[in-house]
Amino acid sequence: MKDKIQESFTDIFDKLLGWMTAFIESIPNLLVATIVMVLAFYMARYVNKWAVRIAAKKIPQESITKLIGRFSAIFVVSIGLFLALGALDLSKTLNTLLAGAGISGLVIGLALQGTLSNLLSGIILSFRSKINLGNWIETSGYAGEVVDINLNSLVLKEYDNSLVIIPNKTIIENPLKNYSLTKKMKIAVECGVGYESDLELVESLVKEAIESVYHQNDNSEIEVYWTAFADSSINFVCRFWVDAENAKNRLDAKSAGIMAIKKKFNEHDINIPFPIRTLQMNNPINLNRVNLEKSKVDY
């Protein structure tokens, strides 16, 4: 019995001695791994600041720049971790971590497919030069000023000051009209004049009215096209160029054009008719007979 107990203590002592010997032998590798991790940590902080500073020059959204900085820092730390495990001769552990990261990434990606899609779309939108904060855009049935592009959504401020939050994925997958990409916009004003009007005179007056409000530069012309013989008027459309970047500028220009045309028409007695309905009776009504029959009924 004593021999077995002594043999057990001897085995334990040998194992402890072996572990201590292995630890002492691995101290240089442990020091190397520690130095690598410390360097990776400090490099990650520097890379984070550097990435944020570089990204801020291209991306105005602070949330996106911080995300890029964090991803850069995580990448540096991950490299440091793999190098440290390699220095400790833990290749099996390294392979296990890689396999686990792959499986975990697949599971997380499937579970958060919608969120990750919006996240990636937000990063793509941040790098697009044709859509920036302050632009007036129209997409997915909404129109307004871009006030924010965050990790998950784009925020529009409509003309009535209401905010519309649109998922980034929707912005990427649907057509988008950006009014702020150009400094000029063509305005169309539709109107009609009476059939008795001199069309050549009307055309000349319309051009004079618009020219007095918006002078056309760069050899641009004020266009007047007659479009239809309507029920009560002969309709036309006037098109002209203005300096505009958003929907409000377009409305202001159209409103000013309408007022200028109406004022010019008033000065020259040009009629802008409203719809008229004429009733034609095939059988004339004898009012005397109607009054006589009515008096008999009353009697």
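Quick caveat: nothing in here was measured; it's all calculated off a predicted structure.

Rules used throughout
Residues numbered from 1 in each chain as written. Predicted model: local features only at pLDDT ≥ 70, side-chain atom pairs only at ≥ 80, totals over all residues. Heavy atoms only, no water. Helix = DSSP H or I, 4+ residues; strand = E, 2+ residues; numbered from the N terminus. Buried < 20%, exposed > 50% of the residue type's maximum accessible area, 1.4 Å probe, protein only. Lys, Arg positive; Asp, Glu negative; His and termini not counted. Salt bridge = Lys/Arg side-chain N within 4 Å of Asp/Glu carboxyl O. Contact = heavy atoms within 4.5 Å. Polar contact = N/O pair within 3.5 Å; in protein donor to acceptor, adjacent residues only side chain to side chain. Pairing = 2+ DSSP bridges. Axes fitted to C-alpha atoms, helices over the stretch in contact; angles between N-to-C directions. Phe/Tyr/Trp six-rings, centres within 6.5 Å; stacked < 30°, edge-to-face > 60°. Disulfide = S-S within 2.5 Å.

Take the side chain of Glu158 next. Residue position: Glu158 is located in the loop between β3 (153–157) and β4 (163–167). This buried residue, Glu158, is left without a salt bridge; Arg250 holds the nearest opposite charge, at 12 Å. Apart from residues no more than four positions distant in its own chain, Glu158 is found in contact with Trp136, Tyr142, Ala143, Gly144 and Val164.

On to the environment of Tyr195. With respect to the secondary-structure elements, Tyr195 resides in the loop between β6 (184–193) and α6 (199–213). Separated by 40 residues in the primary sequence, Tyr195 and Asn235 place their C-alpha atoms 9.8 Å from one another. Not counting chain neighbours up to four residues away, the residues in contact with Tyr195 comprise Phe229, Ala230, Asp231, Ser232, Ser233 and Ile234. Looking at Tyr195, its side chain comes within polar contact range of the main-chain oxygen of Ala230, at 2.6 Å.

Let us now look at the sheet that holds strand β5 (residues 176–178). One open sheet holds the 5 strands; their spatial order is β4-β3-β2-β1-β5, and the pairing between them is antiparallel. Edge positions in the sheet fall to β4 and β5, since each has one partner strand and no second. The sheet shows a mean angle of 40° between the axes of neighbouring strands, taken without regard to direction. Here 5 bridges tie β3 to β4, and the two strands are oriented antiparallel to one another. Paired with Leu154 across the strands is Ile166, a residue of β4.

The next subject is the packing of aromatic side chains. Considering all chains together, one arrives at 4 aromatic pairs under this definition. Ring plane angle 20° and centroid distance 5.8 Å describe the contact between Tyr214 and Phe240, whose orientation is recorded as stacked. Note that Tyr214 is positioned in the loop between α6 and β7 (223–229) and Phe240 in strand β8 (residues 234–243), a separation of 26 residues in sequence. Given the relative accessible area of 21%, Tyr214 is considered partly exposed. With 5.2 Å between their ring centres and 65° between their planes, Trp226 and Phe236 make a pair best called edge-to-face. Of this pair, Trp226 sits in strand β7 while Phe236 sits in strand β8, and the two are 10 residues apart along the sequence.

Attention now moves to unusual backbone geometry. A positive phi angle is found at Ser140, which is not glycine, with a value near 55°. Of the residues examined, Ser140 reaches a relative accessible area of 33% and is grouped as partly exposed.

What follows deals with the state of the cysteines. A complete count under the given rule lists 0 disulfides for this structure. Here Cys191 is not cross-linked by a disulfide; its sulfur's nearest cysteine counterpart is in Cys238, at 9.9 Å.

On to the pattern of salt bridges. Under the definition given, this model contains 6 salt bridges. A salt bridge links Glu203 to Lys207, with the nearest nitrogen and oxygen atoms 3.5 Å apart. One end of the pair is Glu203 and the other is Lys207, both in helix α6 and 4 residues apart, which spans about a single turn. Between Lys264 and Glu208 there is a salt bridge, with the nearest N and O atoms lying 3.8 Å from each other. Of this pair, Lys264 sits in helix α7 (residues 247–267) while Glu208 is found in helix α6, placing the two residues 56 residues apart along the sequence. The buried category is assigned to Lys264, whose relative accessible area is 18%. Here the residues in one salt-bridge network are Lys186, Glu223 and Arg239, joined through shared partners.

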